[in-house]
Amino acid sequence: MTAGAASWLPLSPGERSVAIEVLVHGPLSRTEIARRLDLSAGSLTRLTKPLIESGLLVEVPEAGSPAEVRQGRPSQPLDVVAESRSFLGFKITDDMVYGVVTTLRSDIVARHDRPLTTHEPARVADLLAEMTEELARSHPRIAGIGIGVGGLVQDRAVVGESPFLNWREVPLAALVEERTGLPVVVENDVAALVEAETWFGAGRGLDRFVVLTIGAGIGYGLVLGGKRVPYAEEDRGFGRHWIVNPNGPLTPDGERGSAVSLLTIPNIRYQVQAATGRDRTYEEILALAAAADPMPARVIEEAGRALGTLVAQIANFVLPQKILLAGEGVGLMDVAGKTVEDTIRAHRHPLAAPVGLETKVSDFHDWARGAAVLAIQVLVLGAVQV
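One structure accompanies this document, and this report is about it. Not measured: the values here are computed from a predicted model.

This next bit is on helix H14 (residues 364-380). Taking 1.5 Å as the rise per residue, H14 with 17 residues should run 24 Å; its terminal C-alpha atoms sit 24 Å apart, in good agreement. For H14, the buried fraction is high: 15 of the 17 residues fall into the buried class. Taking the backbone nitrogen of His365 as reference, a side-chain oxygen 2.9 Å away marks Asp363 as the first, capping residue of H14. The first or second residue beyond H14 is Gly382, which carries a positive phi of 65 degrees.

Below is the structure:
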């Protein structure tokens, strides 16, 4: 860890609360921070002083016109020094590593991707170290690394199980730390995405929030009280047993009529190939469905009904303020959006409030950004999820 990053640690619980409030919602006046955290003016001064001295926070000019500012005593709002440190985020898929550099406020300032030609853990760590070295040439103030992996991650350090990489008990954080000299945080990729959206994205400021991802698999993340809810079976493939249509298709991956069988890209491709004898890409299938080609249209229509059923079930039981639909499979909404919406209404009480469904067109750099946010949370602020 760089000396500058180390000077921010350790933060007391009170300092951490102030830093997070300003990071997520700033710039904020001292009066507003005190109100939000129920602090006295003296307590706030005591907590902010070391944060300013360490360079994590800075006083900024008060917003408003010069005349407005002159009428009262300038309050000098506090903000984070977003560009003071950079963070690396990596998203590992079965055939690529996607990398980003972000500011302290998670804004992406650089991207760098490399093909993944082997799943051997040491070789993957070598590749991550090479990518780190290359990105550090133009962004030397890197404070830490976050890595997102599809699979079960233990203690934000060890990949306990990853079906995509065929890994079991891989100490990925230690392997990358040895090669880079930087602190490393590893997390399930969906969990990282949920954290990023909760702090800086669609879920910011919400008490109840859900992220649902569709792509190579099905991902689900729940936020209650503004905090992500961890669970033991995280990314253990629960979508294979989330039955949305008992009479639905039986595919190689998932129980009959499960969310995985109906919604994941590999299984949608499998259904079309089994019916037509032709292997097509997901994008080709969506285009054919939009053009009313019978078999692709039938598969996509069924997928739309499955997604609508899934969203309605989540809304009925969790009562979220918003559901964010993300992942590389969200193009489904462009073709079957009306089917999704009609199915949601059919599975909800007629007087139920409309579901706040937001679709995020994203790529794997958003997942990498999520990993960088984990690094910011844990390495800088010590905001460890429990």
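Quick look at the pairing of strand E4 (residues 96-102) now. The buried fraction of E4 is high, at 7 of 7 residues. Burial along E4 is two-sided: Met96, Tyr98, Val100 and Thr102 and Val97, Gly99 and Val101, pointing in opposite directions, are all buried. Alignment of strand E3 (residues 86-92) against E4, held across 6 bridges, turns out to be antiparallel. Within the sheet, the bridge partner assigned to Phe90 lies in E4 and is Gly99. Where E3 folds back onto E4 in an antiparallel hairpin, the turn is made up of 3 residues. Hairpin connection, E4 to strand E5 (residues 108-115): the antiparallel pair is bridged by 5 residues, and Ser106 has positive phi, about 75 degrees.

Next up on the list: the packing of aromatic side chains. Under the counting rule described, the total for this entry stands at 3 aromatic pairs. Here the aromatic rings of Trp199 and Phe200 are separated by 6.0 Å at their centres, their planes lie at 70 degrees, and the arrangement is edge-to-face. On the basis of relative accessibility, which here comes to 11%, the residue Trp199 falls in the buried class. For the pair Tyr220 and Trp242, a centre-to-centre distance of 5.8 Å together with 80 degrees between the ring planes defines the contact as edge-to-face. Taken together, the positions of Tyr220 in strand E12 (residues 218-224) and Trp242 in the loop between strand E13 (227-228) and helix H9 (259-263) put the pair 22 residues apart, joining distant regions of the chain. Using a relative accessible area of 15% as the deciding quantity, one classes Tyr220 as buried.

With that settled, the discussion passes to the side chain of Arg156. On the secondary structure map, Arg156 appears in the loop between strand E7 (152-154) and strand E8 (158-162). A distance of 3.0 Å separates the side chain of Arg156 from the side chain of Glu187, its partner in a polar contact.

The rules behind the values
- Residues numbered from 1 in each chain as written.
- Predicted model: local features only at pLDDT ≥ 70, side-chain atom pairs only at ≥ 80, totals over all residues.
- Heavy atoms only, no water.
- Helix = DSSP H or I, 4+ residues; strand = E, 2+ residues; numbered from the N terminus.
- Expected span 1.5 Å × (residues − 1).
- Buried < 20%, exposed > 50% of the residue type's maximum accessible area, 1.4 Å probe, protein only.
- Polar contact = N/O pair within 3.5 Å; in protein donor to acceptor, adjacent residues only side chain to side chain.
- Pairing = 2+ DSSP bridges.
- Phe/Tyr/Trp six-rings, centres within 6.5 Å; stacked < 30°, edge-to-face > 60°.

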